[in-house]
Structure formats: C-alpha cells, structure tokens
Amino acid sequence: MPVMIVEKKSIARSHEYWMQRAIAEAGKARSRDEVPIGCVIVRDNRIIARGHNLRESSQDPSAHAEMIAIRKAARKLSSWRLLDTTLYVTLEPCTMCMGAIILSRIPRVVFGCLDPKGGAAGSLYDLSNDPRLNHRVELLPGVLERDCSSLLSGFFAELRRRRREARLSSAGELPGTPQGC
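Calculation rules
Residues numbered from 1 in each chain as written. Predicted model: local features only at pLDDT ≥ 70, side-chain atom pairs only at ≥ 80, totals over all residues. Heavy atoms only, no water. UniProt positions renumbered as here; feature names shortened; annotations may be inferred. Core = buried A, V, L, I, M, F, W, Y, C linked by side-chain atoms within 4.5 Å. Buried < 20%, exposed > 50% of the residue type's maximum accessible area, 1.4 Å probe, protein only. Helix = DSSP H or I, 4+ residues; strand = E, 2+ residues; numbered from the N terminus. Contact = heavy atoms within 4.5 Å. Pairing = 2+ DSSP bridges. Axes fitted to C-alpha atoms, helices over the stretch in contact; angles between N-to-C directions. Disulfide = S-S within 2.5 Å.

The protein is annotated in an unreviewed UniProt entry as tRNA-specific adenosine deaminase from Pelobacter propionicus. Comment text from UniProt for the protein, heading Catalytic activity (unreviewed entry), reads "adenosine(34) in tRNA + H2O + H(+) = inosine(34) in tRNA + NH4(+)". Quoted straight from UniProt, the Sequence similarities (unreviewed entry) entry for the protein says "Belongs to the cytidine and deoxycytidylate deaminase family. ADAT2 subfamily."

If you want it as structure tokens, here you go:
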C-alpha cells in the first residue's frame, strides 16, 4: 500500500482568537492587582511573546504589557525588527508603546478598546500613520471591545470600592452602619 503524505497546513486563527489570548494575559495582571492589560505577539500563526502589566509589582513605569511582549519577541527572534508580526493588546497603546511598536517595525496592531486619556493609536494621538516617522502601522481597533472594556471598568470599580471601604474603616465607620451609633 502506498504511503500518503499529507502536508500539515496551519489553520489561520481569527483576530478574536488571538485577542482572547491577550485577555487571558490581562487576567494574569488582574490576579496580581495590576491594571488588567494583556498583550500577545503573533507570527506565522503562533504566539511568540506574551506580556501583561507589571507596573505596580515591579515599580517600573515602562512595564506595560506591550513593552514586556516586545522585549520577549525581540529576544525570541534574536532581532529588534519584529517584521511579519501582529501585536494584539486589550487597550489602545500609549505613546511609549506606540513608539516601541514603530521602532521595532511591527506592521499591525489589533486592540480591544480605546484609551481616550492616553491612547496613541487614534484616540488622543495617532502615531500609526504619522508621515514624519519612518514606519507605518496598520491598526484594527475594537476587537472584542466589550470584553476588554468591561475587564478594565470592573477592575477600577472594585478598586474604588476597596478604597472607599478602607477610608471608612480607617475613620472607624463600617459600611452600612448608621452614623452616630
């Protein structure tokens, strides 16, 4: 009987699939009491690097999910040029992260929700298509936007609740206890 050779084809994954992986990274940040932002970098239909926010635990202002993933990807590829990759991140990148994306020549960024207070991929700034820079970045915003947005809003609501309870308990008040008792 002749042996049939079947070529193994890679299955192209959807943007939603990869964003789910970035959301899982964001969950790791949240479990560490970090702002839940996650990132994965994909090349040839495989994750080559992952990152999640570590600013609080490392006390490093540059420990953004994207920066961590970009450093890991560069080490993995033994190159600062991250050509033929796609970066997936749950929140629109800031100016620092967009700068690193441009400098590392990442051609495509897919993100979940906009960041009107610090976004540099369309909200506050748009560095992706600035003609003064030597690299352009294709953007795809709004992938699993609700999931990404609710992850962040839930985190900040919980943080506000904990701070309010801490403030009340330090003042000798317990939530739900009438004043003057």
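Right, picking up where we left off after that structure.
(A) Geometry of the nonpolar core. In terms of nonpolar packing, the biggest core is built from 43 residues, with Met19, Ile41, Ile70, Leu87, Tyr88 and Ile101 touching the most fellow members. Looking at this core, the elements with two or more residues in it are α1 (15-31), β1 (38-43), β2 (46-52), α3 (65-77), β3 (86-91), α4 (95-103), β4 (108-113) and α5 (145-170). The contact partners of isoleucine 70, leaving out residues within four places of it in the chain, are Ile41, Leu82, Leu87, Ala100, Ile101, Ser104 and Ile106.

(B) Here's a closer look at unusual backbone geometry. For glutamine 59, which is not glycine, the phi torsion reads 50° and is therefore positive. Inspection of the secondary structure assignment puts glutamine 59 in the loop between α2 (55-58) and α3. Judged by its relative accessible area of 60%, glutamine 59 falls in the exposed class. For aspartate 84, which is not glycine, the phi dihedral falls at a positive 60°.

(C) Quick peek at α4. Regarding α4, the residues found buried are Cys97, Met98, Ala100, Ile101 and Ile102. Elements that come into contact with the buried residues of α4 comprise α3, β3 and β4. Downstream of α4 by a residue or two, arginine 105 has a phi angle that is positive, lying close to 65°.

(D) Expanded view of the sheet that holds β4. Strand order in the open sheet made by the 5 strands is β2-β1-β3-β4-β5, with mixed pairing throughout. Sheet topology places β2 and β5 (138-140) at the edges, where each strand pairs with a single neighbour. Taken over all neighbouring pairs, the strand axes of this sheet differ in orientation by 20° on average, direction set aside. Bridge count between β1 and β2: 6 bridges; the pairing is antiparallel.

(E) Seen up close, the state of the cysteines. All told, the structure shown has 0 disulfides when counted by the stated rule. The cysteine cysteine 39 is free of any disulfide, with cysteine 97 supplying the nearest cysteine sulfur at 8.2 Å. Take cysteine 113: it sits in no disulfide, and the sulfur closest to it among the cysteines is that of cysteine 148, at 5.5 Å.

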